[in-house]
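A look at the structure
So you can see what is in the structure, the chains are spelled out below.
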Amino acid sequence: MEDVTEQARALGAIGDVEVNERAIIVEGLNEPPRSFLQRCFGCQVHDRDKPCNHRRTAAPTSAGPPPSKETVMDFGTWPRVLVVDVEGNGAQPPDLVEVAAIPMVHGSPVPSSARSTLLRPPNPITPFATRVHRITNQDVATAPTWEQVGARVHADLEGTWIAAHNAHVDYGVLLRHMPQWRPAGVLDTLRLARATCPAAGGYSLDALIDLTGIDLAAVPGQRHRAGFDAHATALLLLDLAAHYDTWDALLAAAVPPKMPGASLPATPNSEDQTLW
């Protein structure tokens, strides 16, 4: 206990450091030092003031039980996962103007291996879409078209698990551009958050980042750009996944019905796709 308290305070923790049979509870530490403590002591480390994280040390409920005291999520057992995000031109159905993917390795996103590509859509970007993601028609005037990069994107994403926030949108848009694409499965952090944090006040990416206390200061770029949002979603996925003991338990909470990785995979309804 003294070692835990000493290390936590050396990293900037304030107030009492609680160590119970399931987790270390600290106050005043953002995500990087909490992750460091987790690696040092081999158990969950949570922020006392974040209600989503309280479920990790509470009694199990029907909506996503916390890990048992004997085990924690072993991220080394995960198959290959790419967290993706796409931005569109505002048309319906949308044409892609940006696509990004960041790999997850042993419980961490790997920015050095991330890919983000601007695309010149066949139809102009609408003013509304530009107000959201700030990508203008001038920005993509010399960008490659989907026909020039689609094969590479397909090769990167083929046969791997993907994750996204409100994943039916990203999956549906990508599938429309790559009809032959078959990912291993689809994780939806929106669905996962609803199972894990049923009392949350909102489930937008911004609301969940605020709720979990994830620090995005080191994430390059800006909100609503594909690379930034993919990286933020990757950090959210890791935070939420720590509520579960195993990959299979995570899948039960995170894979939408009738999507790849679920029992009855199917193409999402195009009428449900909404993108800038």
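Everything numeric here is computed off the predicted structure, so don't read it as measured data. (Residues numbered from 1 in each chain as written. Predicted model: local features only at pLDDT ≥ 70, side-chain atom pairs only at ≥ 80, totals over all residues. Heavy atoms only, no water.)

**A closer look at the environment of Val110**
Where we set the bar: Each helix is a run of H or I in the DSSP string that is no shorter than four residues. Each strand is a run of E no shorter than two, and both are numbered from the N terminus. Contacts were defined at the residue level, with two residues in contact if any of their heavy atoms lie within 4.5 Å.
With respect to the secondary-structure elements, Val110 resides in the loop between strand S6 (108–109) and strand S7 (115–118). In this structure, Val110 is in contact with Ile102, Pro103 and Val105, ignoring residues within four places of it in sequence.

**As for helix H10 (residues 247–254)**
Just so we agree on the cut-off: Type-normalised accessible area, obtained with a 1.4 Å probe on protein chains alone, sets the label of each residue: buried when under 20%, exposed when over 50%, and partly exposed for intermediate values. In this description, the arc belongs to the directions extending from the helix axis to the C-beta atoms.
Within the sequence span of H10, burial applies to Trp247, Leu250, Leu251, Ala253 and Ala254. Burial along H10 is one-sided: seen end-on, the buried residues are contained in an arc of 170 degrees. Exposed residues pointing more than 90 degrees away from the buried face of H10 are listed as Asp248 and Ala252. Looking at the buried side of H10, the elements it contacts are strand S4 (81–88), strand S8 (161–164), strand S9 (185–188), helix H7 (189–196) and helix H9 (226–241).

**What to know about helix H6 (residues 167–177)**
By the criterion of burial, H6 is predominantly enclosed, with nine of the 11 residues buried. If you follow the buried residues of H6, they end up packed against S4, strand S5 (96–105), helix H5 (146–157), S8 and S9.

**Thoughts on the nonpolar core**
The criterion, for reference: Side-chain atoms within 4.5 Å link the members of a nonpolar core, which is a set of buried Ala, Val, Leu, Ile, Met, Phe, Trp, Tyr and Cys residues.
Core analysis: the largest hydrophobic core is formed by 43 residues, its most contacted members being Trp78, Leu187, Leu237 and Leu250. Secondary-structure elements contributing two or more residues to this core are S4, S5, S8, H7, helix H8 (205–212), H9 and H10. In terms of residue count, the dominant contributor to this core is H9 (11 residues). Listed in part, the 22 residues of the second largest apolar core include Ala101, Val173, Leu175 and Trp181.

**Digging into the packing of H8 against H9**
Our working definition: Note on method: axes are straight lines fitted to C-alpha atoms, helices fitted across the in-contact stretch only, with angles between N-to-C directions ranging 0 to 180 degrees. Here is the rule for angles: anything less than 35 degrees is roughly parallel, anything more than 145 is roughly antiparallel, 65 through 115 is roughly perpendicular, and the remaining ranges are oblique. Note on convention: near helix rotated counterclockwise from far helix by under a right angle means a left-handed crossing. Clockwise means right-handed.
Running from N to C, H8 and H9 point in directions that differ by 45 degrees, and their axes come no closer than 11 Å. Considering their axes alone, H8 and H9 lie oblique with respect to each other. As H8 runs across H9, the sense of the crossing is left-handed. Two secondary-structure elements touch here, H8 through Leu205, Leu208, Ile209 and Thr212 and H9 through Asp229, Ala232, Thr233, Leu236 and Asp239.

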